[in-house]
Every structure is written in structure tokens, then in C-alpha cells.
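Working through the structure, step by step
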Amino acid sequence: MLSYIFMIAITAEAMSGALAAGRRNMDLFGVALIAFLTALGGGTVRDMLLGNFPVTWTQHPIYIYLTIGAGLLTMLIARFMHRLNRVFLLVDAMGLVAFTIIGCDVALRLDYPTPVVIMAGITTGIFGGILRDIMCNRTPQVLRHELYASVSFLVAILYLVMRAYGVNENLNLLVSFAFGLSMRLAAIKYQWSLPVFSYAEDQWED
Amino acid sequence: MLSYIFMIAITAEAMSGALAAGRRNMDLFGVALIAFLTALGGGTVRDMLLGNFPVTWTQHPIYIYLTIGAGLLTMLIARFMHRLNRVFLLVDAMGLVAFTIIGCDVALRLDYPTPVVIMAGITTGIFGGILRDIMCNRTPQVLRHELYASVSFLVAILYLVMRAYGVNENLNLLVSFAFGLSMRLAAIKYQWSLPVFSYAEDQWED
Amino acid sequence: MLSYIFMIAITAEAMSGALAAGRRNMDLFGVALIAFLTALGGGTVRDMLLGNFPVTWTQHPIYIYLTIGAGLLTMLIARFMHRLNRVFLLVDAMGLVAFTIIGCDVALRLDYPTPVVIMAGITTGIFGGILRDIMCNRTPQVLRHELYASVSFLVAILYLVMRAYGVNENLNLLVSFAFGLSMRLAAIKYQWSLPVFSYAEDQWED
């Protein structure tokens, strides 16, 4: 179940990466690389950070083909994609929740302490998008927009609390998804966002 | 001893990260992430590079709370912080020396060759600041300003030389700190800097 | 043989890194760091990704001296270097091929599946340049210019196919180099490039 959602989610993330590469006029190879990094970069950073070798996708070449294929396909269908806006946002939100839970599971399996488990979930959820933005030379969007990383954080907390209370795994997944999707979609609809910190004082450090 | 200085230092680094995030109008989550990365990113890169798993901070959740807490606190007190300018520079310099020595120690324990030990020290000292600047989409400051990375380099050399000559560990720490702090503060006061390489010729490579 | 070409190649890559640092007015330390990262960053990322510890260059300090030395030397001779343009492009192309093959070999030795072997080759070939560009705050050139990453991809494929067919290792190297160098130099001469994806539609995602 989680695994199907994961496949759909990395496809959606790859497409978002391809569009970002297109905004920077990258060539076919650049599009493929950014698509791959956006989709699988979060899990890669998590595995490298936790010392979880071999890194997950290296044992599942299908993920490589899927993300690169989705990236290249995006070049062909980009001009029709604005019609898919709503579908895309939904799939992206599903991906955020799925990535977060998978990331928590990996860290749990390796017996990391709870705060690290939460950070592993968030890293899996948001670092693909951060790598995409760094490669495209822009300030990471996930740190500035309406609730996104925070949804990942809250989903991780909820999932772990239910797990600690022995809630059935399937029920836990269901509730986590329902909660995460509602939060994310409501955040988009009502433009919920965290307080922004704007600091413009003359630089006195560095 | 080194461990107390380390705690003070990561707090200061987290605050510097939060201010940089504020200059990019990041939200509360972005501030927390940049604060964390600035404070603990150097040690993380060092551990990932040396294959030193589990990464140090994953076994000390207190570091996570401390750096994120310091980052969020900074949002509240930012407008008073220019008054703390001098304290801040001092603590930052202490952190640079502490990070460098701790980084060398980790690589020594893993039996890496001396040049790698030095690089592990420098990496721990400066990579947090580099990650902060990459995430905030600016050219890393530590590679352009008055002596900073160089102080880390010299402290690493001095520490290792004294160690090789069997100098008592506490004396070694004392001398390394005295030397590093004086160098760094003198560099700020007298604006010492390394020669700058400016290359503006038409691009002929790439 | 491959090892001599590797030494020449990391020297050339280090010089390209130093020039990029010079365009950002970095100081001596920044030049050394960027030179090192450009030359050895690709292999470092590969080793960290594959869990191949200790990372190769940490066991060969000569690589550290060589790349940092080449970077610093570049500061002195930069204004004469445009005369070396052709030599430089040739050496850079040799490096791209050598890096790619070495990267494939490392992943093969660790028994990774074929697509991962190819990606390890490409990572070794191009990630040094990507790190250089990220550190210098510009969009990675290798993803936008005439055939570069693609040459790495094709060399990896050719090398692995010949290997699978039991072609003698030396012959394989010879053919791979001949093919890779011709492709790369022809791509520069005739400005071959991949289709570019330009996407300028109003942002509807993120």
C-alpha cells in the first residue's frame, strides 16, 4: 500500500523537479538529474545521514527508471500540465506524508532515538525539494511557503504517538494520511503559513 | 570542558544561522532548520565523510533541542542582538576553535592520516557556515572574509604538533584556544585577510 | 595507466575550480577549497553514496597536496592560462572519461546493480563540477552546456557493454578513451548539445 503511494509520489516529485529544471533552461540530462534528485534525494540524504547502506534506491533500479522517465515525459507534456494543477497538488501532498512515514520507519528500524526518527521523517519528506532548489540556484521554497515542512513534522509526531500507543499499523497509516492530507490541502486553500522571520538589520556578524 | 564550550558554541552558531534565515524571510521552520544546520552541519559532514556512524548528534538529542531552541529564541530577540555584537564574535571564535579540535579528535580516533585529520578539523569548523550560506543562496562568506578558515587550519596544525610532542592534553587545549582566539580576534580588529584571487578574464573554460 | 591520467585530470579539475573561485573573488583558502572540491568532490560524493568507506582520497594524501597545490598555482599563472585553452579542454575531457571509468569500477567492485554502476560513473565524472558551481552560487554549467554529462553516460555504457562481452581490459580502456575524447571534442567543436527544456509558464506548483 505505502509502496504504491511511494511510486506515485516519486513520479510526482520527479515532475516537479523537471519543471524547475525547465525554468533554468537545463538540457535533457539536467532535467533527468534534477527529476531524480527531487524524487529520491530526500531518501538518499536520510540514508547517508543514518549510515543506512546500501542506500534504498540502489537496490530498486525501477525507482531510477521511473523518476528519470517521469522527468523526461514532463518535457513533452509541460504545456498541458497546468490543467493538472489540482491533481498534482494532491499527489504531492500524498508524497509528503508517505515520504515522512517511510523515513520514520527506516530510522526506527535502526534504533535511533525519537527526535532523530522525527528528523529522518522530515528529511525524507522535504530534502528532495531542497536539493532541487539548491541545484536550480534558488532559496529553498519549502522553507518559505505555506505549511509544508510543518505538515511533515506533525505527521511524524502523530504517527509515532499512535505507534507508541500500540495503534494498529493500518489504522495508523490511514489516520496519518487523512490528517496530513487535510492539513496540507487546507494550508494551500486558506494559505496557512508559519510566522515569517524577516531580519534586515545591517550585518554585524559573519 | 571542551564539551561545555561546544554547547555554548553550537548555541552561538545556531543564532548566526537564524539571523541568516531571517535575511531571507524564512518561516519559523526554515529558521529552525538553518539554525540546526549551521550549528551541527559541520560535524555532520565530517562524520558522513569519515564514515563515522552513527553521526554524533544523533546520539545526543540535547544538541537538537539546544540548536533549534536557540534559533527560535533568536526570532524574538533579534532586534536587541546588535548590542551583543562583541560577545557574539567572541563566542563564535571559541566555537571555531572548539569545533576544529573536536573534528581532529574524531579523525584521530579513526586512524586517518594527518592531512585528513587536519581537513576533518577544518570541515567541522567551517562547514556549518558554508551549508548556511548555500541554503540561503549566497556565496559562502567564510571563503571571502578576514581570516576565519585559516584560523581553523592553524589551530589544527598547532594542536597536532603539540600532541605529537606529547604535550599534556589540557595544556594543549589551553594553548590552542589562546592562540586561536587571539588570531581570530586580531584578524577582526586589524582586518587581516588572505590575498584574494580575482579572475575576470572572459570565460574560456567550462 | 588510468592512475596517471587520473592525477593529470584532478590537476586540471583543480585549476578549473580555482578559476571559478577567482571569479567570485575568493581568498587563498577559498581557492584551495574549491580546487579540492572540484577535483575530488565527485569521487567523494560517489563513495559517500555507495557507503564506500574510507573515502578514496583519505587514503592517498598525495591527491590532497596535488589538488590544493594546483589550485594555488593557478592564482599565479591565471593570466597566462587562456593560451592553454586547447590543452586544458583536452585534459578536462580525459579527466571526464577517466573519472567515469573509475567510478564504474568502484561500484562494480561493491556489486551494485548496473544502473547504479552507471550512475556512480556519471557522479564521479560530473559532481565535482556541480559542487564547484553550487559553492560559487551559480546554476551548474554541466547541466546546460554542450554535451558533457552525456559523454560520461555514453562512456559508462560503452565500457560496461565491452566488459560484459569479455573485451580485454586494456583494449576496453583504449576504445572507451578514444570514443569519449572524440565525442567530447567534437561536441565542443560543433557545439553539439542536447535539447533544452525551457519552461516559463507561471508557477503553479511549489
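Residues numbered from 1 in each chain as written. Chains lettered and ligands numbered in written order. Predicted model: local features only at pLDDT ≥ 70, side-chain atom pairs only at ≥ 80, totals over all residues. Heavy atoms only, no water.

So the rule is basically this: UniProt positions are given in the numbering used here, feature names are shortened, and annotations may be inferred rather than shown by experiment.
As annotated in an unreviewed UniProt entry, chain A carries the name Glycine transporter domain-containing protein and comes from Thiopseudomonas alkaliphila. Looking at the Subcellular location (unreviewed entry) heading of the UniProt record, one finds this comment for chain A: "Cell membrane".

Digging into the overall build of chain A
Selection rule: Each helix corresponds to a stretch of at least 4 residues labelled H or I by DSSP, and each strand to a stretch of at least 2 residues labelled E; elements are numbered beginning at the N terminus. Partly exposed residues are those whose accessible area sits between 20% and 50% of the maximum for their type, while under 20% is buried and over 50% is exposed, using a 1.4 Å probe and protein chains only. Residues count as neighbours in contact if any of their non-hydrogen atoms are within 4.5 Å of one another. What sets the accessible areas is the Shrake-Rupley method with a 1.4 Å probe; for residues, cover comes only from the shown protein chains.
Along the backbone of chain A there are seven helices and zero strands. Along the first, second and third principal axes, the C-alpha atoms of chain A reach 50 × 50 × 35 Å. By the burial criterion, 60% of the 206 residues in chain A qualify as buried. Restricting the contact set of chain A to residue pairs at least 6 apart, pairs at least 24 apart contribute 75%. Accessible area of chain A: about 8300 Å², with a carbon and sulfur share of 64%.

Description of the nonpolar core
Defined as follows: For this analysis, a nonpolar core means a set of buried residues of the types Ala, Val, Leu, Ile, Met, Phe, Trp, Tyr and Cys, connected via side-chain atoms within 4.5 Å.
Formed by 215 residues in total, the largest nonpolar core has its most connected members in W57 and I126 of chain A, W57 and I126 of chain B together with W57 and I126 of chain C. Contact partners of W57 of chain A, with chain neighbours within four places excluded, come to F36, L40, T44, Y63 and I64 of chain A together with L49, V116 and M119 of chain C.

Regarding the packing of helix α4 (residues 85-109) of chain A against helix α6 (residues 149-164) of chain A
Residue and element names in this part refer to chain A. Counted only if it meets this: Helix axes are fitted only over the stretch in contact, all axes being lines through C-alpha atoms; the angle between N-to-C directions runs from 0 to 180 degrees. Every angle not falling under 35 degrees, over 145, or within 65 to 115 is termed oblique; those three ranges are roughly parallel, roughly antiparallel and roughly perpendicular. Crossing chirality is assigned from the near helix's rotation relative to the far helix, an anticlockwise turn below a right angle marking it left-handed and a clockwise turn marking it right-handed. Gly is put with the polar residues, along with every residue not named as nonpolar or charged; the nonpolar set is Ala, Val, Leu, Ile, Met, Phe, Trp, Tyr, Cys and Pro, and the charged set is Asp, Glu, Lys and Arg.
Packing of α4 against α6 brings their axes to within 9 Å, and their N-to-C directions diverge by 50 degrees. On the basis of the axis angle, α4 is oblique to α6. Crossing of α4 against α6: the hand is right-handed. Contacts from L96, V97, T100, I101, C104, D105 and L108 of α4 reach α6 at V151, S152, V155, A156, Y159, L160 and R163. Its residues assigned to classes, the contact of α4 with α6 shows ten nonpolar, two polar and two charged.

Describing the pattern of salt bridges
All names here are of chain A. Put simply, the rule reads: The rule for a salt bridge is simple: a side-chain nitrogen of Lys or Arg has to be within 4 Å of a carboxyl oxygen of Asp or Glu.
Under the defined criterion, the tally for this structure stands at nine salt bridges over all chains. A salt bridge links D133 to R132, with the shortest nitrogen-to-oxygen separation between them at 3.1 Å. Assessed through its relative accessible area of 0%, D133 is described here as buried. Residues joined in a network through salt bridges with shared partners are R132, D133 and R138.

Re helix α7 (residues 169-189) of chain B
All names here are of chain B. Definition in use: One less than the number of residues in a helix, times 1.5 Å, gives the span that helix is expected to have. In protein, a polar contact means a hydrogen-donor-capable atom and an acceptor-capable atom, both N or O and within 3.5 Å, with residues adjacent in sequence counting only if both atoms are side-chain atoms; elsewhere, any N or O pair within 3.5 Å suffices.
The terminal C-alpha atoms of α7, which comprises 21 residues, lie 30 Å apart, in line with the 30 Å expected from a rise of 1.5 Å per residue. Among all positions in α7, only N172, L173, S176, F177, G180, L181, M183, R184, A186 and A187 are buried. Along its buried surface, α7 packs onto α1 (2-23), α4 (85-109) and α6 (149-164). Its side-chain oxygen at 2.9 Å from the backbone nitrogen of N170, N168 defines the N-terminal cap of α7. Trailing α7 by a residue or two, Q191 shows a phi angle of about 50 degrees, which is positive.

Considering the interface of chain A and chain B
As a reminder, the rule being used: Two parts lose some accessible area (1.4 Å probe) when they are put together, and adding that loss for both gives the buried area.
In this assembly, 35 residues from chain A lie in contact with 44 residues from chain B. Of the roughly 3500 Å² buried between chain A and chain B on both sides combined, carbon and sulfur atoms contribute 69%. The tally of links from chain A across to chain B stands at five residue pairs in polar contact (both at pLDDT 80 or more). For the side of chain A that touches chain B, the secondary structure elements donating two or more residues are α2 (28-50), α5 (114-135) and α6 of chain A. Considering each element in turn, the side of chain A that touches chain B owes the most residues, seven residues, to α5 of chain A. Counted by class, the side of chain A that touches chain B contains 23 nonpolar, seven polar and five charged residues.

Some words on the relation of the copies chain C and chain B
Under the convention used in this document: The least-squares superposition of copies is restricted to C-alpha atoms, and to residues with a pLDDT of at least 70 in both copies.
The transform that puts chain C on chain B rotates by 120 degrees and translates by 0.0 Å along the axis, for an RMSD of 0.0 Å. Overall, the copies show the geometry of a three-fold rotation axis. Looking at the interface residues of chain C, only 14% of them are also at the interface in chain B, so each copy uses its own face.

Things to note about the UniProt feature "domain: Glycine transporter" (unreviewed entry) in chain A
UniProt tags residues 6-78 and 90-163 of chain A as "domain: Glycine transporter" (unreviewed entry). The distance separating the terminal C-alpha atoms of residues 6-78 of chain A is 22 Å; by composition the span is 79% helix and 0% strand.

Considering the layout of surface pockets
Residues and elements named next belong to chain A. Selection rule: A cavity here means a set of points on a 1 Å grid, drawn over the protein atoms and nothing else, where a 1.4 Å probe fits but cannot get out; a pocket is an open set with protein on both sides within 12 Å along at least five of seven lines, and a residue lines either one if it has an atom within 4 Å of a point. Grid points are joined across faces, edges and corners, and a volume is the space filled by probe spheres set on the points.
The calculated volume of the second largest pocket comes to roughly 350 Å³. For the second largest pocket, the lining is made up of 21 residues, of which F6, R46, T56, I102 and V106 are closest to its centre. When grouped by side-chain class, the residues that make up the lining of the second largest pocket number eleven nonpolar, six polar and four charged.

Overview of the side chain of D27 of chain B
Residue and element names in this part refer to chain B. By the secondary structure assignment, D27 is in the loop between α1 and α2 (28-50). For D27, a relative accessible area of 3% gives the class buried. A distance of 3.0 Å separates a polar atom in the side chain of D27 from the backbone nitrogen of F29. Of the polar contacts made by the side chain of D27, one reaches the backbone nitrogen of G30; its length is 2.9 Å.

Focus on the UniProt feature "transmembrane region" (unreviewed entry) in chain A
All names here are of chain A. Using the residue numbers shown here, the UniProt feature "transmembrane region" (unreviewed entry) corresponds to residues 6-22, 29-50, 62-80, 87-110, 116-135 and 147-165. The span residues 62-80 carries 84% helix and 0% strand; its end-to-end C-alpha distance comes to 26 Å. Spanning residues 147-165, this segment combines 84% helix with 0% strand, and its end C-alpha atoms are found 27 Å apart.

What about the relation of the copies chain A and chain B?
Laying chain A over chain B is done by rotating through 120 degrees and shifting 0.0 Å along the axis; what remains is an RMSD of 0.0 Å. A different interface surface on each copy is seen, since only 17% of the contact residues of chain A are contact residues in chain B too.

Some words on unusual backbone geometry
Residue and element names in this part refer to chain A. Following F53, the chain continues into P54 via a peptide bond in cis, with omega recorded as -5 degrees. In this structure, P54 sits in the loop between α2 and α3 (61-77). Despite not being glycine, N25 has its phi angle at roughly 55 degrees, a positive value. Of note, N25 is situated in the loop between α1 (2-23) and α2.

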